[in-house]
Structures are given as structure tokens and as C-alpha cells.
2 protein chains.
Amino acid sequence: MVKIVECVPNFSEGRDQKKVERIMSVIKNNNEIKLVNYEADADYNRTVVTLIGDPEKMIDALMDLTSVCLKEIDLTKHSGEHARMGAIDVIPFIPISGIKMSECVEYSEILANKIGETFNIPVFLYAEAAKQEDRVKLPTIRKGEFEGMEEKIKNPHWKPDFGPAKRHPSFGSVAVGVRDFLIAYNIDIETDDEKKTNQFARAIRGSSGGFQYIQAGPVYLENRGHTQVTMNILNYKKNPIYRIFETVKMEAKRYGFNVPSAEIVGLVPKDALVRSLRYYYGVENKIFDKEMSIDEVVEGCIKYLKFRDFDQTKIIDYFL
Amino acid sequence: MVKIVECVPNFSEGRDQKKVERIMSVIKNNNEIKLVNYEADADYNRTVVTLIGDPEKMIDALMDLTSVCLKEIDLTKHSGEHARMGAIDVIPFIPISGIKMSECVEYSEILANKIGETFNIPVFLYAEAAKQEDRVKLPTIRKGEFEGMEEKIKNPHWKPDFGPAKRHPSFGSVAVGVRDFLIAYNIDIETDDEKKTNQFARAIRGSSGGFQYIQAGPVYLENRGHTQVTMNILNYKKNPIYRIFETVKMEAKRYGFNVPSAEIVGLVPKDALVRSLRYYYGVENKIFDKEMSIDEVVEGCIKYLKFRDFDQTKIIDYFL
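It should be emphasised that the depicted structure is a prediction, and the values quoted were computed from it without experimental measurement.

Draft legend 1. Region of the structure containing the overall build of chain A. Along its length, chain A carries nine helices and eleven strands. Taken over the C-alpha trace, chain A has a radius of gyration of 21 Å; the compact-globule value for 320 residues is 20 Å, and the two agree within 12%. Pairs at least 24 apart in sequence give 71% of the contacts found in chain A among residues at least 6 apart.

Draft legend 2. Structural context of the nonpolar core. With 187 residues, the main nonpolar core has A:Val5 and B:Val5 as its most contacted residues. Beyond its immediate stretch of four places on either side in the chain, B:Val5 contacts B:Pro55, B:Met58, B:Phe93, B:Ile94, B:Pro95, B:Ile96, B:Ile99, B:Cys104 and B:Tyr107.

Draft legend 3. Looking closely at the interface of chain A and chain B. On the chain B side, the residues contacting the 23 residues of chain A number 23 residues. If you list the elements that add at least two residues to the side of chain A that touches chain B, you get α7 (241-252) and α8 (270-283) of chain A. Broken down by element, the residue count for the side of chain A that touches chain B peaks at four residues, all from α7(A).

Draft legend 4. Summary view of the relation of the copies chain A and chain B. Rotating chain A by 180 degrees and translating it 0.2 Å along the rotation axis places it on chain B, where the RMSD comes to 0.1 Å. Here the copies are linked by what is in effect a two-fold axis. Closest approach to the rotation axis within chain A is made by the C-alpha atom of A:Phe211, at a distance of 2.3 Å.

Draft legend 5. Quick look at the domain arrangement of chain A. Residues and elements named next belong to chain A. Here chain A is partitioned into domain 1 (4-178) and domain 2 (183-319). On a C-alpha basis, the centres of domain 1 and domain 2 stand 32 Å from each other. Across the contact, five residues belong to domain 1 and six residues belong to domain 2. For the side of domain 1 that touches domain 2, the elements supplying multiple residues, two or more each, are β3 (34-41) and β5 (88-97). The residue makeup of the side of domain 1 that touches domain 2, split by class, is three nonpolar, one polar and one charged.

Draft legend 6. Structural view of the environment of B:Pro9. Residue and element names in this part refer to chain B. Mapped onto the secondary structure, Pro9 falls in the loop between β1 (4-7) and β2 (10-11). When the C-alpha atoms of Pro9 and Leu65 are compared, they prove to be 9.0 Å apart, with 56 residues separating the residues in sequence. Apart from the residues lying within four places of it in its own chain, the contact partners of Pro9 are Val49, Leu62, Leu65, Ile88 and Ile91.

Draft legend 7. Broad picture of the sheet that holds strand β8 (residues 183-189) of chain B. Residues and elements named next belong to chain B. If you trace the four strands from one edge of the open sheet to the other, you get β9-β10-β8-β11, paired in antiparallel fashion. Single-partner strands in this sheet number two, and they are β9 (214-221) and β11 (262-265). Across the sheet, the mean angle separating the axes of adjacent strands is 25 degrees when strand polarity is ignored. Docked against the sheet, helix α6 (residues 194-204) engages β8, β9 and β10 (226-233), running at close to 170 degrees with respect to β9.

Draft legend 8. The pairing of β9(B), seen in detail. Residue and element names in this part refer to chain B. Two strands pair when backbone bridges link them, and β9 and β10 are joined in this way by eight bridges, in the antiparallel orientation. If you follow Tyr220 over to β10, its bridge partner there is Thr227. Between β9 and β10, which pair antiparallel and follow one another directly, the connecting turn spans four residues, one of which, Gly225, has a positive phi of 75 degrees.

Draft legend 9. Seen up close, the pairing of strand β3 (residues 34-41) of chain B. Residue and element names in this part refer to chain B. Of the pairings in the sheet, the one linking β3 to strand β4 (residues 46-53) comprises seven bridges and is antiparallel in character. Paired with Ala40 across the two strands is Thr47, which belongs to β4. Connecting the antiparallel pair β3 and β4 is a turn made up of four residues, with Asn45 showing a positive phi of about 55 degrees.

Draft legend 10. How the structure looks around the sheet that holds strand β9 (residues 214-221) of chain A. Residue and element names in this part refer to chain A. Here four strands make up an open sheet; going across it, the order is β9-β10-β8-β11 and the pairing antiparallel. Bordering the open sheet on either side are β9 and β11 (262-265), each of which pairs with just one other strand. For this sheet, the mean angle separating the axes of adjacent strands, direction not counted, is 25 degrees.

Draft legend 11. Representation of α8(A) in the model. All names here are of chain A. In a regular helix each residue adds 1.5 Å, so 14 residues correspond to 20 Å; α8 covers 20 Å between its end C-alpha atoms and thus fits that length. Residues Lys270, Leu273, Val274, Ser276, Leu277 and Tyr279 constitute the buried set of α8. Where α8 is buried, its residues touch α7 and α9 (294-304). Directly beyond the C-terminal end of α8, a positive phi value near 55 degrees is found at Asn285.

Draft legend 12. How the structure looks around unusual backbone geometry. One non-glycine residue, A:Asp309, lies in positive phi territory at about 50 degrees. Within the element layout of this structure, A:Asp309 appears in the segment after α9. Given 9 C-beta atoms within a 10 Å radius, A:Asp309 is considered exposed. For B:Asn120, which is not glycine, the phi dihedral falls at a positive 60 degrees. Mapped onto the fold, B:Asn120 is located in the loop between α3 (101-119) and β6 (123-127).

Draft legend 13. View of the packing of α8(A) against α9(A). Residue and element names in this part refer to chain A. One can describe the packing of α8 onto α9 by two numbers: an axis separation of 10 Å at closest approach and a directional angle of 55 degrees. In terms of their interaxial angle, α8 and α9 are classed as oblique. Crossing of α8 against α9: the hand is left-handed. Where α8 approaches α9, its residues Lys270, Leu273, Val274, Leu277 and Tyr280 are matched on the opposing element by Ile294, Val297, Gly300, Cys301 and Tyr304. Partitioned by chemical class, the residues of the contact of α8 with α9 number eight nonpolar, one polar and one charged.

Draft legend 14. Structural detail: the packing of helix α1 (residues 17-28) of chain B against helix α2 (residues 55-72) of chain B. Residue and element names in this part refer to chain B. Relative orientation of the contacting elements α1 and α2 amounts to 155 degrees, with a least axis distance of 8 Å. By the angle class used here, α1 and α2 are roughly antiparallel. In this structure, α1 meets α2 at a crossing whose hand is right-handed. Across the interface between the two elements, Lys19, Arg22, Ile23, Val26 and Ile27 of α1 pack against Ala61, Asp64, Leu65, Val68, Cys69 and Glu72 of α2. By residue class, the composition of the contact of α1 with α2 is seven nonpolar, no polar and four charged.

Draft legend 15. Up close: the environment of B:Tyr242. Residues and elements named next belong to chain B. Structurally, Tyr242 is set in helix α7 (residues 241-252). Residue Tyr242 is classed as buried on the basis of its C-beta count, with 20 C-beta atoms lying within 10 Å. Each C-alpha atom of the pair Tyr242 and Tyr279 lies 7.3 Å from the other, and the pair is 37 residues apart in sequence. Not counting chain neighbours up to four residues away, the residues in contact with Tyr242 comprise Ser276, Tyr279, Tyr280 and Leu305.

Analysis parameters
Residues numbered from 1 in each chain as written. Chains lettered and ligands numbered in written order. Predicted model: local features only at pLDDT ≥ 70, side-chain atom pairs only at ≥ 80, totals over all residues. Helix = DSSP H or I, 4+ residues; strand = E, 2+ residues; numbered from the N terminus. Rg over C-alpha atoms; globule rule 2.2 N^0.38 Å. Contact = placed C-beta atoms within 7 Å. Core = buried A, V, L, I, M, F, W, Y, C linked by C-beta atoms within 7 Å. Buried ≥ 20, exposed ≤ 12 C-beta atoms within 10 Å, placed from the backbone. Least-squares fit on C-alpha atoms with pLDDT ≥ 70 in both. Domains from an automatic or database assignment. Nonpolar A, V, L, I, M, F, W, Y, C, P; charged D, E, K, R; others polar. Pairing = 2+ DSSP bridges. Axes fitted to C-alpha atoms, helices over the stretch in contact; angles between N-to-C directions. Expected span 1.5 Å × (residues − 1). Parallel < 35°, antiparallel > 145°, perpendicular 65-115°, else oblique. Left-handed = near helix turned anticlockwise from the far one by under 90°.

Shown next, in the form of C-alpha cells:
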């Protein structure tokens, strides 16, 4: 099975469009990995890049990106609303298919080592790749930001996992890590009663005692004239989409609210959809083949999960 | 509104039936509180007593119980399979109706103070009543048991919350605390496939990413010839019965399994049932009155929640 990872490097330039394009050119000229999209934010002065591909090719692309950011970005001259400690601030690896979390951790270590050795940049491993408990959360590592890191990194407790224990004068430092894929998922509720929609959000979200890997809240969509339960699914294997959809429909029934549709924001792995379609195929006693085509997945999602504004370009595997 | 608490004192005698009866007589002769049941376990050498009633009357009854246990039980001569540190080992308060957790904490402190002052017994506050983080869990306090407590209690870190910092020579020490009501609830699945039933348990239980306050597992009932999802509901307000029942039915649908019935083991507060009936009344657009009679609750539970072997004697409020 082909190994596919997603990487979402964030680099610290979001205002100078020419500079952003010069940086992005090393990605655009790379045919070995797929650029899904990139978004430059002027307020944050930061650009978020979404890439997918083979993990070894990904490492090459990220080394090229590091090299060009080292040349183009000087953090001593950088300001923006988003906290940052490096020219590339953070690089998360996300397992997409054919690859385990633990393998992604290995790849993140290979990249971290290369960045440290090649460019003399301090690298911290975070999230699933973290080697110390207080490096799991990125903000803990990043506290003090570029400016504070000059002193912080001299403290033996904050010795980087790779590279020198000395802040790079213009690049700063970078966090490399591994996290699970996150699905941004919204369910439409045919009501303008945000309070009741909040009840449904509370019923399913982990922080209120609901499903552990669900973050959820209510939102009223002015232009559509109805509410949504808006969610992040942090682990679609343990909290599959169908279970969330069916539970919200069940809750909405008590007020007679219609739940006509739902949407995916950004990308979703085919695997997450196939797992949910399997449920409905079971209910309807239909023959299920987990190797179903992307077209069949799209059709099933529209029919059973009531996805709107949905097509194959929302499915990561389409780009592979 | 009348304040009702449940208390479940555990005392360290479960073999000598005459002694158990002498101890229980102070409860049986008390008309101010309701004895729901008591179970003496010979292997554990321990008796678990379930009481409900007014919290102030409860404190009087528990003082009487402490007094008689002090007279009847000598821990230097006690052995049994269950860990214990006192003649009465633990006294949890559980809010039932008209009373908040925080008020129960106050009552638990009143009792703890009285036991300490009157009988010179060291008292530790645990669970919701704990004043230190490592006193939340009873086993942490009890570690070392009666025998080890002689030294442990001299450590300033283990100074008791009330009473002397000295183990009582024959009684030992006691933990007094507050916890939420726990509902033991089982859902019947018309299959003998324990593996699939385990899938449903995993879908809903907190430890697998499901609902936070649900403990669940599969069980095959030899004499009935089908499986159950067997559960504890640790917080019925955040994880109401109807939501669990409907979610399990939804999951079972994928295999076409029938979910004909469910059962409550032990007692359930009326409030927990009324909250769930409210859902079904909503779905059916029926007028809902939360002051419904116990008979109406029983009827609704049989109709909507498919309770079997259920009558008013399963409802705590019936005894009040």
C-alpha cells in the first residue's frame, strides 16, 4: 500500500506577496508532492501550506522549503498577530493512508535531524512526536516566541531535540511533530434557534461529556437563515461521521427539527467516508466493498450523509 | 423542595451474622431514614448499606452507626479480601433530589467533623469532598490499609481532614465523601454475537472515545440466550438514558439486530427517568409535565425505554 502523509507547514510571511510566491515556487516546481492549497494571512503575517504525498518525497520538499525560508525570512524584522518562533514555525505530519502514527513519528524525526544538521536550526519535536511531556503542546514550546527563545533555549530543560542549543539568528527555531487528521464537519439544522442547536452540540461534544474526539458548537448562518452544529472530528475512527450525524438527528427529533444536510470544510480522507458508508450499507443490507470508487463514495455521501456542496475534490485521495 | 440524599456506608463485618444484625438494628430502629437494603459479603468480610433520607437525619443515623461499629468491630482482628482502613471504611453521600453536590459536600463535612470530635476517629474527605488532589480517589487514601495507617497518618501530608492525626486503635480511620449517583443499566441485544455487542459497547463508552460518563462492556447471558451491553451511567444528566438507548439501537441496526428491551439494576432516581421521558414526549409532541406521577413514569419507561422487570420499587423516590 502506498504511504501518504499530509504536511501543513506554516511559514512566517503573509504580507509580501512576491516573497510568498518566491517561497511557494519551490513547492510549485516540485512534481513529486501535491500542493493542495496555501493561504497567506496578512494580519497573522503567516502562510499555511497544505501538502500531501509520499513521506520521503515530502521530507525533500520540506528541506527545500526550509532552505528558501532561511534565505527569504528574517525573524528579527517580523511582526504579526500569530505567535511564532521560527521562519518556518511549525511542521505537522498527519497520517493519511497506508501509514501509522508511529511511522510518521519516525519521518518527523528524520526531517528534524536533517534540518538541525543541514541548517544549524534548533528543532523541537511536538504533539505525538514529543519526547517530553511539556513538549506535547506547541504553545508551551513556543512560549516567549522568537525573541524569548534566545535565552530559553540555553536552559538545559529546553535543549532542542535536534540541532544546536542556540537560536538561529534570523530563522529562529522550528517545531516538527505528528498529529491526527482533523475533519471539519458541520450539520445543518432547520431552525434559527441557536440555543437549541447548542443543546445538540453539548450532547455530542467531548468537553460536555459527549463523544471524546468531538469539538462542537452552535452557529447561526445569517445568509442561509438556519443554524449549524459546527464540529471538528479529532479521531474519525473512534468517532465516525455517521455516528455523529445520526446522534444529532436523533436529538433534533425532540423538537421536530429537520436535519436536511451537512458539509465538509476542507478535505476529508476517503477512509473516513468509507467507514461511515459501511454503516448505511449494513442498515440497508447492501453489499459493501471497502475498495469502492471515489465516484461511489461521493454518491453515497450525498445520499446517506446528506453532504451538500460536495464532490471528489473534497476527498484527499482524489489528489493522489 | 425536600432534600434527599443517599448514603452507602460500608462497615467491616460480613461474616458474623449476629454482629451484623446488632449493628443494623440501630438503622432498622430508626424511623427517620429509609433503609433500602444491605448486603453482607463473607469473602469481603464487609457489609454495604444503602440508605436514603433527609441529610440531617442521615447524619444522626450515621453517627449511631459509627457508635455501634466502634463498639462491635475491632480492626486489629479483622481480615477479608476487600481493602479497608476502618470499622466503617467509607461513607459516600449521593445527591438524589432537591440538593446540590456542593450542599452534600457541606453535609459530609458536618458528619466528618462530628465523627472526629465525638469519637476521636481520624476522618479523610474524598471524591467531590476532597480538599487535596491525592484524596480524590479512595484507594490512594486507603493505601496501606488499617495496618499501614498507623505510620502513614503521622506524615503531615496525610494529616486527616477531621479528628486526630492518630489512628484509632480499634476503629482505624474513615473516609467520608460525596459522589454522583450511578445507574446500573443494561440493554438487551437479540444476538449471541458478543464480539458485535462489544462493538456497540465501544461505540458508547468513554474509555473508547464514546460518551464520557459511560462505562460499558458486552456480556452473554447464558440463561437468556442473548447478549447485553452492560453499563454504568456515572452522570445521567450529561449522558441521559435515552441517548444511550437510541445510540445503541442505531448501532445495532447495521447488523439488523433487534433491541427489544433494557433493564435497571438496583435503583434509579425518578429525575433520571423523567429527563429521558421528556425526549420521547418531545418526539411524539405529547404534553410533558415534569411532576408526572411515579405510575406514569413506570408506564413511560416500559413503553419508550423498553424496561423489563421494572416497577415502582426500582425508583428511589417511591421510598420517600
